[in-house]
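# Coordinates in review
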Amino acid sequence: MNLLRISALLQAAVLAAAKPRHVVSKNVEVRDAQAAVAITVDPTKQYQPIDGFGFSEAFQRANTIVNLPADKQRKALDLLFNRTSGAGMTILRIGIGSSPDSSSDHMNTILPKSPGSPTGTPNYVWDGKDSGQLFVAKEAMKYGVETFYADAWSAPGFMKTNGNEANGGTLCGVTGAKCSSGDWRQAYANYLVRYVQYYLEAGVKITHLGFLNEPELSTSYASMLSSGAQAADFIKVLHPTLEAANLSYIKIACCDAEGWGDQKSMTSALSSVNSMLGLITGHAYTSQPTSPISTPHHVWQTEWADLQGAWTAAWYGSGGAGEGMTWANRIHDGLTTANCSGYLYWVGAQGGSTNSKLMKIENGVITPSKRLWAYGQYARAAQPGAIRIGVSGGSMKTTAFKNEDGSIAVLMINSGSATTVSISVGGGFKGTGVSAYLTDNSHDCDETPATIKDGVVSGDVPSRGMVSFIISAS
């Protein structure tokens, strides 16, 4: 080999050694000569407030946790609610039962027998368990959860036009629904009030109350049909009933329609009761939250899941409907295009072979999916009371929030190549510290390196990864 060739090889080796290197996670190192992508946060540009992120354990799913031995109960609850080692969920949706029995996965009612007429004296029955939901709610409180949304799929069958809690039917007494037994609107309002009083007596304060679930559907399980106008009829009765019971702090929610478009249509018929409403709720099965609902109230997406997909715990493989990164993107879209203040998955924990839950529990084995950690990225970063604020720069899906404690959270989902970012916060914010958390195929909200100098944050977002940067101020 001649001297010129040797000299060239030595120069190449020196250049390669000098090429900038950076660590994007605990296990991944890349070389990148490109400048950091500049991200600018504008706290003066404010959007919707954030109420939280959560799930339901209705239809006896809560018993999946209740029936575990104590050590595994704690593991499951930590995964769902712990704000440092788990997902840190902040909303629990509770199913109000209407079934006279607890067979199959039925949610039992507190009024199994008709009082004979709408004005008859009801004989309420409370078992102190509520299909395991009370246990989960009380445990959630220990982790700091303060938002509890109780929602009924149906009124008891004897209050409806079809005499059955299932197969649709409409509440007797609302517009267009006359029954020979009379007008049951007040009796249903009393029923819902008694339910939340049982929880209050047990130490759990219900904060939001719904009386419908997918009211455009007639199903073989608990279901009740309603139009927007009929919902308004009932709200006019429920609101004063709550006030008379000294429960005026409870926000009435409506209407948990099956799809976002359906909920938009129902909401347009609720203008006459805007002063009585506190929350608009919709699902995303038939149409997704891609645009805001016109209302003065907070809006939550309260139920969506990959109901039929075969169980997967993966973050990213092929962009499948059950993958964690898919759900991170969906939450981002709901927050930024529909201005959702809350975003819930269908079920937190249960058994079975589909993606209908965030965490699978079978034969005592607890398996969290990456969907859980996608929710965890948002739930831990954007605390209840946060405000979504302006952010710009780069091509990643990025959201920013200002928390009540003064911290700024910046979340990024990277569908491209590994990227170094430089985050600057305007509006007079003076950042003094930063923590960053990574979720990808190998990490579950794990702490990842980030630095701050003169208020500017530097960090890395790996390919197919999500990172939340929490910037504190003095």
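Below: a short report on this structure.

The rules behind each value
- Residues numbered from 1 in each chain as written.
- Predicted model: local features only at pLDDT ≥ 70, side-chain atom pairs only at ≥ 80, totals over all residues.
- Heavy atoms only, no water.
- Helix = DSSP H or I, 4+ residues; strand = E, 2+ residues; numbered from the N terminus.
- Rg over C-alpha atoms; globule rule 2.2 N^0.38 Å.
- Contact = heavy atoms within 4.5 Å.
- Lys, Arg positive; Asp, Glu negative; His and termini not counted.
- Charge placed at Lys NZ, Arg CZ, Asp CG, Glu CD.
- Axes fitted to C-alpha atoms, helices over the stretch in contact; angles between N-to-C directions.
- Left-handed = near helix turned anticlockwise from the far one by under 90°.
- Nonpolar A, V, L, I, M, F, W, Y, C, P; charged D, E, K, R; others polar.
- Buried < 20%, exposed > 50% of the residue type's maximum accessible area, 1.4 Å probe, protein only.
- Pairing = 2+ DSSP bridges.
- Phe/Tyr/Trp six-rings, centres within 6.5 Å; stacked < 30°, edge-to-face > 60°.
- Lys NZ or Arg CZ within 6 Å of the ring centre and 35° of its normal.
- Disulfide = S-S within 2.5 Å.
- Right-handed = clockwise from strand over helix to strand, strands pointing away.
- Salt bridge = Lys/Arg side-chain N within 4 Å of Asp/Glu carboxyl O.

### Overview of the overall build of the protein chain
Secondary structure summary: the protein chain contains nine helices and 24 strands in total. For the protein chain, whose C-alpha radius of gyration is 25 Å, the value lies close to the compact-globule estimate of 23 Å for 474 residues. The principal-axis extents of the C-alpha atoms in the protein chain amount to approximately 105 × 50 × 35 Å. Restricting the contact set of the protein chain to residue pairs at least 6 apart, pairs at least 24 apart contribute 70%. Taking the average place of the 36 positive charges on the side chains of the protein chain and the average place of its 37 negative ones, the gap between the two points comes to 4 Å.

### Overview of the packing of helix 8 (residues 324-337) against helix 9 (residues 370-381)
Packing of helix 8 against helix 9 leaves a shortest axis separation of 7 Å and a crossing angle of 35°. Crossing geometry of helix 8 relative to helix 9 is assigned as right-handed. Taking contact as the criterion, the partners of Gly324, Trp327, Ala328, Ile331, His332 and Leu335 in helix 8 are, on helix 9, Lys370, Arg371, Ala374, Tyr375 and Tyr378. A breakdown of the residues in the contact of helix 8 with helix 9 according to their chemical character gives seven nonpolar, two polar and two charged.

### Topic: unusual backbone geometry
The residue after Cys254, namely Cys255, is reached through a cis peptide bond having omega 10°. On the secondary structure map, Cys255 appears in strand 8 (residues 251-257). Phi at Ser131 takes a positive value of approximately 55°, unusual for a residue other than glycine. Following the sequence through the fold, Ser131 ends up in the loop between strand 5 (91-96) and helix 4 (133-142). The exposure class assigned to Ser131 is buried, which follows from its relative accessible area of 9%. With phi around 55°, Asn363 is a residue other than glycine that occupies positive phi space.

### A few points about the sheet that holds strand 17 (residues 397-402)
If you walk across this open sheet you meet the 10 strands as 21-20-24-18-17-16-3-19-23-22, and the pairing is mixed. Every other strand in the sheet has two partners, leaving strand 21 (443-448) and strand 22 (450-453) as the edge strands with one partner each. Within the sheet, the average angular offset between the axes of one strand and its neighbour, ignoring direction, is 25°. Against the sheet, helix 8 makes contact with strand 3 (37-49), strand 16 (387-392), strand 17, strand 18 (408-414) and strand 24 (465-473), and its axis sits at roughly 55° relative to strand 17, the strand it touches most. Packing of helix 9 onto the sheet brings it into contact with strand 17, strand 18, strand 20 (431-440), strand 21 and strand 24, and relative to strand 21 it is tilted by some 40°.

### Here's the deal with the packing of aromatic side chains
Enumeration according to the criterion identifies 20 aromatic pairs in this entry. Look at Tyr149 and Trp300: their rings are 6.0 Å apart centre to centre, the planes differ by 85°, and that puts the pair in the edge-to-face class. Of the two residues, Tyr149 sits in strand 6 (residues 147-152) while Trp300 sits in strand 10 (residues 298-303), which places them 151 residues apart along the sequence. Across the pair, Trp300 and Tyr149 agree in class, each one buried. These aromatic residues form a ring-pair network of at least three members: Trp304, Trp327, Tyr343, Tyr345 and Tyr375. Directly above the ring of Trp327 sits Arg330, whose terminal nitrogen or CZ lies 4.6 Å from the centroid. Here the basic side chain of Arg388 rests over the ring of Tyr47, its NZ or CZ set 4.1 Å away from the ring centre.

### With respect to the packing of helix 3 (residues 70-81) against helix 4
Packing of helix 3 against helix 4 brings their axes to within 11 Å, and their N-to-C directions diverge by 65°. Crossing hand, helix 3 versus helix 4: right-handed. On helix 4, the residues that touch Gln73, Arg74, Leu77 and Phe81 of helix 3 are Phe135, Val136, Glu139 and Ala140. Partitioned by chemical class, the residues of the contact of helix 3 with helix 4 number five nonpolar, one polar and two charged.

### Side note on the state of the cysteines
Summed over all chains, the structure comprises two disulfides. Across a sulfur-sulfur distance of 2.0 Å, Cys172 and Cys179 are joined as a disulfide pair. Between Cys172 and Cys179 the disulfide shows an S-S torsion of about -80°. By sign, it is left-handed. Shown here is the disulfide that connects Cys254 with Cys255, its sulfur atoms set 1.8 Å apart. A torsion of 85° about the S-S bond marks the disulfide between Cys254 and Cys255 as right-handed. Counting its disulfide-bonded cysteines in sequence order, the protein chain shows a connectivity of 1-2, 3-4. The structure places no disulfide on Cys340, whose sulfur is separated from the nearest cysteine sulfur, that of Cys255, by 15 Å.

### A word on the pairing of strand 9 (residues 277-283)
Most of strand 9 is tucked away, with seven of its seven residues classed as buried. By the bridge criterion, five bridges tie strand 8 to strand 9 in an arrangement that is parallel. Among the inter-strand pairings, Cys255 is bridged to a residue of strand 9, identified as Thr281. Taken together, strand 8, helix 7 (residues 260-267) and strand 9 constitute a β-α-β crossover, and its handedness is right-handed. Judged from the five bridges that link them, strand 9 and strand 10 form a sheet pairing that is parallel. Considered in strand 10, the bridge of Ile280 is made with Val299.

### Re the environment of Asn123
Positionally, Asn123 belongs in the loop between strand 5 and helix 4. Judged by its relative accessible area of 59%, Asn123 is exposed. When near neighbours in sequence (up to four residues on either side) are disregarded, Asn123 contacts Ile110, Leu111 and Pro112.

### Re the side chain of Glu165
Note that Glu165 resides in the loop between strand 6 and helix 5 (185-201). Buried within the structure, Glu165 lacks any salt-bridge partner; Lys160 is the closest side chain of opposite charge, at an N-O distance of 6.9 Å. Beyond its immediate stretch of four places on either side in the chain, Glu165 contacts Ser98, Ser99, Ser154, Ala155, Gly157, Lys160, Tyr221, Ala222 and Ser223.

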